[in-house]
Every structure is written in structure tokens, then in C-alpha cells.
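Listed below, chain by chain, are the residues.
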Amino acid sequence: MERPSTAGNPKQSHDEELYIQQAVVFIEDAIQYRSINHRVDAGSLRLYRWYYSRICQWGLGLNIALVLLLAFVERPSSLSVSSDPRYRSDPWQPPCGLTEGIELLCLLIFALDFAVKSYLIGWEELRKSKWLIGYTVVISVSFIDWVLSVSMVCDEKLRVRRLLRPFFLLQNSSLMKKTLKCIKRTLPEIASVILLLALHLCLFTMIGMLLFAKTEDPKKNGEWELHFRSLTNSFTSLLVLLTTANNPDVMIPAYSVNRAYSIFFIAFSVIGTYCLMNLLTAIIYNQFKGFLLMSVQTSIIRRRLGIRAAFQVLSCQGAQRAAEERVHIDAVLEVMSRVKIRSYYRSAITMAARQFADVGSMDREQFRTIFDELDKDRIKEHPPLPQYSSPVLQRLQVIFAHYYLSVLGNAVALANVMCICTVLVLNSEKSTEERDNYSLEIMNLCFILYYLFEMCVKIFALGWKGYLSYRNNIFDGILTVLLLILQITILITYRLPFPHWDDPSSRSAVSLWEMIRLVNLLIVFRFLRIIPDIKLMALVASTLLDLVKNLRAFAGILVVVYYVFAVFGIWLFEGAIKPPPDISVISNSSMENITSNFSVECGTYEQLNYWPNNFDDFAAAIILLYDVMIVNNWQAFMDAYSRYTTEWSKIYFVSWWLVSSVMWVNLFVALILENFIYKWDRSCSCSVTDVEKIRYETSVQLMFREQIQEPTEEELVCQLHQHPHLHLQW
């Protein structure tokens, strides 16, 4: 945007207000690692801030979730209690037009989203964005397919737009797009190891077919008959052995004939499973870490560029100040008062800016430095302890605020869990009527009274605000209150101690054992309070929490992959496996009872009663894909669908195994390692209390902060000159 003339007070005031608005948006872009290549006039800035407001983004996210969840309701509907075709009742099928109407509304919102994005970045930037071009294509194809569905009265078998829906999830997350780009660049290195695995499989397949060829002696043909009858059978058997899912079953027929045959299977597993598969994990970790570092470098450049652009527009508030390249402290404070940012960071940056109040302005480097607060850990400061005038109360406060009180509480919780465990072992063979619930109830009552005492004295020592400032105290307090409520309910209901407390006439709708069992569950769950007091355990728990909070992009890509494969699975295998009529009406019967009418081979889909695992609806397909990803008995699914459909169906299951179990699981392991190593390195010099005090808000950017190269001033200025909508005088 050309810097307008500053002649005249109204015009100058308008220009200064525009510069403030531009600086606010640029700072918000820097905080969220967004690109600053968007329109910067007053109207566009208001639209831009509205678009990235919390309510608008939450609405867009809800719209994406809604269009993805339609797969559970659309035909074939997943709205049935069981997915087992033997017992499944006819699911509720939505009338034609219901899901289509919801989907049309979602598509219109996506079209509006695309229109707003296109306007804000401009035509030139739109042409450069492959994701937005893809967004246009997906929305257009979805509208066309929707019209075809409505014109066919929802009776079509193939809905192309169903396969395209995960794109809406991908394009809405910048980190997800970066992750996908990293995976794409890592594929050549992964492909080299997969080719080596394929060579390993082919080599041992040929060796196996030579070793276990059919002989004249039927007693020695067990291995050939079961696992090496054909090339595809041999290859599939060894592929499953690579995942250890059929070990040692695949070896037993040959091993029974000659123990030397075990060398073949051991050599295959050692080379393939323990060497090549672990090598694949190492390659994925190393290569993906490098490419992820490159994408994080781009994010850091965006942050620095946003801060630099904010400084530049603020320095243009007057011709003299523009020449000096300094900004007024008042302008910086005004910008920070409008920026949408967490209160902690707003206070920290404002405090850093006020240090230059005596000078009245700051230069470019000082302006950049105050925003380094965004990269620092948030130090959680607990409220001060309450003050008591009485010496006795002061002494009690010192005692009850001591760390050893928590240690004692952990010891009592451990004793409570051990008592419950002992009682459960003693009563494991007893029926509900034979259990001594009275003794267990009295024991739990004593422990709960101690928990209540511990909570009260901690509140006395720390105060309400101090007590609630510790997350483990909140967890402990909520469970203690729940236990107390349950205990009071038991006392009111059964009036313990009471000579006839176990009299059937005195029982309520909920038995004493059921209430005690609920109390025991809460007590066992409460024992997790020890985690913050053990440093290594606290780090592990913190790592898991950070994975949930900050690595959602990788889980999002897994959702996309699950969705696509589930849709393909329904297209290919819906209704492919149907139980024989003579067992479809039998309930709670074992396979031995029906062998006269329906004989099955041991270890197969039918013998294992895997009927609920199918592709008859979307929810069932998701569960089946999860079972295959775990690779436990996944050969049963692959064998069943190859028998009921075609041998080519194995390609689908092997592809899913490669994508989910080989690539994504290894990628997730690599990210867990990186996250844990990052936290471990930073906490080696910390005590247990320091770990509690510092709230590590780990993000992907912070994980690689020490390895990131800061952009130079020349690079930032060059990119500012290339901004399509911001034209400043330098």
C-alpha cells in the first residue's frame, strides 16, 4: 500500500490509525506463524481479523467435523448397535435429502471460505497457491457429484465427493500441510528401504518354495500345503511373518519334520523384522526430522517477517520517524493492547517495552527483542501463602506446607491401593453374596477421612488460590470430594454400622458392592497423584500430554488416511462376507456346535468369529482398519477377503499395512523420541518442584528452536519489498 500524504490533521490521524491496525495484524500473523502476504487496507484488515477470530475458526472446524461425520450416517448407515451381520438389526437409513441438505450447507460454507481467502490474498497469490487451486477443484467436483446424487434420488453406489472430504481437513491446517510435504519428501528414502524389504521377501520366498516343495511323502508336505503351495501364498506367509503375526504357526509344520528348518525362519525374522524394520524407523526419524526442521525454519521466518513488517509500518507514522526508523513506545503499547494474545505474553511484552519508556522510542533491534518473550517458557508463579498472626498457626502452616506431607499422602494412597488389591485377591473366587463388603467399606472410610484431612490442611497452609494453582491438587481434590459424596451416600443408604446392613429388605436399587466398587475405582484412579512427584514419570506424562496438545497435525493426517481407506474399503468389499444361513440365527454358540453343518479351518476368519469386522458400514470399516494396523492376526482378514472376493484384495491390506503400521507408526515413534529428548535435555538440571513450576508449552517450533537459523535483515527486507499489497517508502 502506498504511503499516503500526511498533510492535514484528519488525514494524518487516519493514516496513523491504519498503521496501528496493520501492525496489530502483522503481530498476530507472527504469533500464529501466518503469512503476511494479504491485503492491508482498513476494510480488508477488519475482514481478515474476523476470519481468523476464534468463533469463525471454531465454526469452520465444526463445519469440517460435520462433513466428515456424515459418513457414519449416510448409506450404508452405521447407526446400529452391533456390526455383526448375524445379530445386526436393520440400521436407520436417513431419508433422501437429509444428509444431502446438511452437506450442501457445508459445501456452501466451504465456498464462502474459499471466496474470503481468495479476496484477502489477491489473485496473484491465489495463482501461486496449489492448495487453494485444489480447494477450488474439490469444491467444484463435490457440487457436481452432489447434483448427480440428488438427481438419482440418492440411489447411487459411488460417491466421489466422499473420498474428497478429508481434503477440507488438510487444507485448513498449515502444520498438517507442512507435515504432508515432509512425508512426501521423505518418501524416496523410505522407498529405498521398502524395496530392500521387498527384495528380502522375494529372496526368502524363492528359497522357501525350494526348501518346502511338495514331496512324495504326505507327512512332510504340511509346510507346503499350508504356507508354500503357490508364489502368492508363500509371499503372503512371509510378509505376515515379517510382522510376527503368524509366528511360530508358520514354522511348526516344517519344524516338526526337522528342527534345522527353524534356521530359515529365524534368519528371515532377524534380517527383516529386527534389522530392516528398525532401520526403517531410524531412516524415518532422521529424514523426517531434517525436513520438519526445514518447514519449522519457514515458520520462524514468518514470525520474524511479521515482527519486522509491524516495525516498518509503525515507523512510517511520520516522515522524520520513518527516516530514523524508530517507533514510539506509546504506539507499541497501543498495538499490544489490541493484539489477540494470551494475557501472560501480553504482560511480558508490555513490561519489556516499558523499559524503554525513558527514551520514548525504540529501534529495530530493540523492537525485535521484546518479542523474544514469545519463545520463552511460561513460568507458573503460585500465589503467596496466607499470613497468620498466631505463632501456633504459623508453625502448623510450615508443617502442612512441607513437601513431606505429600510424600506421606502418597504412602497412604499406596497402602490403600495395596489393601484393595489384597481384598480383591482374597475375594476373587467368592460371589457377590459371599464377599465381606462391610470390612472393605470401613477400611475405605478410614482412608477417605485421611484424604479429606490432607486436603483441608493443604488448603489451610496454601490458601484456596494456592491450593488450586497446582494441577495435581485439583486432580486430588476433585476425586476426594467425589469419594466423600459416595461415602455419605453409602452411609445414608445403608446406615453403617448397622447389624442388618446386608439384609435384602434394606437394600436399595444399587447394591453395596456396586457402590464400593465405584469407590475402589476412584481410589485406584486417585493413585495417579504420584506422577508429578516422580521426575521421570512426570516427564513421560508431560510428553504424552504435549503429544495430544501440540502434535495434532500428525493425528489429523492419520484421520485422513483412515477416512480414505475406509471409503475405498466400503466401495470394494461392502457385503462381500456373509455368514452362512445356518449360523446367522444362532446366538451364544461355539463353533464346535455347528461343525456338522459348517466346517471351518482353525485360525480363519470364520473360526475366530470375526464377523463384526467387516466393510459393511463406515464405523465397522474404521475398526477393521485399526485391527489390521495393530497387525495381530491381520492375516485372517487378508485371507478371508481374498477367498470371498479375489486374490488382488491383498494389495489393499498390504497397502494399508505399509501406510499405517510401517510409515505412520514409525513416524509417530520418531516424534515421541524427539519430544521426549527435548524435554529430557531441558529438565536434567531441574528438580521435581522445578518441573512443576515451569509449564513447558512444547510446540514443534520450540522443539527445534536451538537448530533454527535466524533470517538476516537483508532477507527480511527483500521479502517485505516483494509484498504484493504493502508498498512503503524506505
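Residue numbering note: each chain is counted from 1, following its sequence as written. Owing to the predicted nature of the model, reporting of local features is limited to residues with pLDDT of at least 70; listing and counting of side-chain atom pairs is limited to 80 or more, with chain, interface and lining totals taken over all residues. Excluding hydrogens and water, the side-chain figures rest on all heavy atoms present in the structure.

S.K.: Would you mind going over unusual backbone geometry in detail, with residue names and values included?
M.R.: In this chain, Arg75 is followed by Pro76 through a cis amide linkage whose omega measures -5°. By definition, any uninterrupted DSSP run of H or I lasting at least four residues is a helix, any uninterrupted run of E lasting at least two residues is a strand, and each is numbered from the N terminus. With respect to the element layout, Pro76 can be found in the loop between helix H3 (54-69) and helix H4 (98-128). With an omega dihedral of 5°, the bond running from Asn247 to Pro248 counts as a cis peptide bond. Residue Val153 is not a glycine yet carries a positive backbone phi of 55°. Tracing the backbone through its elements, the reader meets Val153 in the loop between helix H5 (130-151) and helix H6 (160-164). Burial classes: relative accessible area under 20% of the type maximum marks a residue as buried, over 50% as exposed, and values in between as partly exposed (1.4 Å probe, protein chains only). For Val153, a relative accessible area of 56% gives the class exposed.

S.K.: How would you explain the packing of aromatic side chains if you had to name every residue and give the values?
M.R.: Any pair of Phe, Tyr and Trp rings, taking the six-membered ring for Trp, is counted once the centres come within 6.5 Å. Such a pair is stacked with planes under 30 degrees apart, edge-to-face with planes over 60 apart, and tilted for the rest. Summed over the entire model, instances satisfying the criterion amount to 43 aromatic pairs. An angle of 55° between the planes, with centres 5.7 Å apart, marks the rings of Phe565 and Tyr652 as tilted. Here Phe565, found in helix H23 (residues 552-573), pairs with Tyr652, found in helix H27 (residues 649-683); they are 87 residues apart in sequence, far enough to count as distant. For Phe565, a relative accessible area of 16% puts it in the buried group. A residue is classified by how much of its surface remains accessible, and Tyr652, at 9% relative accessible area, is buried. Centre to centre, the rings of Tyr641 and Phe653 are 5.7 Å apart; their planes meet at 35°, and the pair counts as tilted.

S.K.: Talk me through the state of the cysteines; I want residue IDs and the actual numbers.
M.R.: By disulfide we mean two sulfur atoms from cysteines, separated by a distance within 2.5 Å. Tallied over the full model, the rule gives 1 disulfide. Between the sulfur of Cys96 and that of Cys154 lies a disulfide, 2.0 Å long from S to S. Given an S-S torsion of about 65°, the disulfide between Cys96 and Cys154 has right-handed geometry. Of this pair, Cys96 sits in the loop between H3 and H4 while Cys154 sits in the loop between H5 and H6, and the two are 58 residues apart along the sequence. For Cys154, a relative accessible area of 5% translates into the label buried.

S.K.: Break down a nonpolar patch on the surface for me, with residues and values.
M.R.: Put simply, a patch holds well-exposed residues, over 30% relative accessible area, that have no salt bridge, with like charges counted together within 9 Å and Val, Leu, Ile, Met, Phe, Trp or Tyr side chains within 5 Å. The method behind every accessible area is Shrake-Rupley, applied with a 1.4 Å probe, and residues are considered shielded solely by the protein chains displayed. Salt bridges are counted wherever a side-chain nitrogen of Lys or Arg sits within 4 Å of a carboxyl oxygen of Asp or Glu. A cluster of nonpolar residues, Trp464, Leu468, Ile474, Ile478, Val481, Leu482 and Ile485, forms a patch on the protein surface that exposes about 660 Å² of accessible area. Those elements that place two or more of their residues in the nonpolar patch are helix H19 (437-468) and helix H20 (471-494). Of the residues forming the nonpolar patch, the biggest block, 5 residues, is contributed by H20. Position of Leu482 relative to the elements: it lies in helix H20.

S.K.: Would you mind going over the nonpolar core in detail, with residue names and values included?
M.R.: Among buried residues, the Ala, Val, Leu, Ile, Met, Phe, Trp, Tyr and Cys ones that are joined through side-chain atoms within 4.5 Å form a nonpolar core. In terms of nonpolar packing, the biggest core is built from 95 residues, with Phe110, Phe168, Phe265, Trp634 and Phe653 touching the most fellow members. With 13 residues, the single largest contributor to this core is H23. Contacts were defined at the residue level, with two residues in contact if any of their heavy atoms lie within 4.5 Å. Sequence-distant contacts of Phe110, that is, excluding residues within four places in its chain, are made with Leu60, Asn63, Ile64, Val67, Tyr135, Ile139 and Phe168. Counting residues in each nonpolar core, the second largest holds 40 residues, with Ile307, Ala309, Ile341 and Ala352 among its members.

S.K.: A description of the pattern of salt bridges should follow, citing residues and the corresponding values.
M.R.: Applying the stated criterion across every chain, the model contains 24 salt bridges. Where Arg165 meets Glu74, a salt bridge forms, and the shortest distance between an N and an O atom there is 2.6 Å. Of the two residues, Arg165 is situated in the loop between H6 and helix H7 (166-171) and Glu74 in the loop between H3 and H4; the sequence distance between them amounts to 91 residues. Between Glu103 and Arg161 there is a salt bridge; the shortest N-O distance is 2.8 Å.

S.K.: Quick rundown of the packing of H23 against helix H25 (residues 618-630)? Include the residues and the values.
M.R.: Here, axes are lines fitted to C-alpha atoms. For helices the fit covers the stretch in contact, and angles between N-to-C directions go from 0 to 180 degrees. At their nearest, the axes of H23 and H25 sit 9 Å apart, and the two run at 115° to each other. What the angle tells us is that H23 and H25 run roughly perpendicular. Note on packing geometry: the crossing formed by H23 with H25 is right-handed. Counted together, Tyr562, Tyr563, Phe565, Ala566, Val567 and Ile570 of H23 and Phe618, Ala621, Ile622, Leu625, Tyr626 and Met629 of H25 form the full contact between these two elements. The classification used treats Ala, Val, Leu, Ile, Met, Phe, Trp, Tyr, Cys and Pro as nonpolar, Asp, Glu, Lys and Arg as charged, and all other residues, Gly among them, as polar. Considered class by class, the residues forming the contact of H23 with H25 number 12 nonpolar, no polar and no charged. Any angle that is under 35 degrees is reported as roughly parallel, and any over 145 degrees as roughly antiparallel; angles of 65 to 115 degrees are reported as roughly perpendicular and all others as oblique. Here a crossing is called left-handed whenever its near helix is offset anticlockwise from the far helix by less than a right angle, and right-handed whenever the offset is clockwise.

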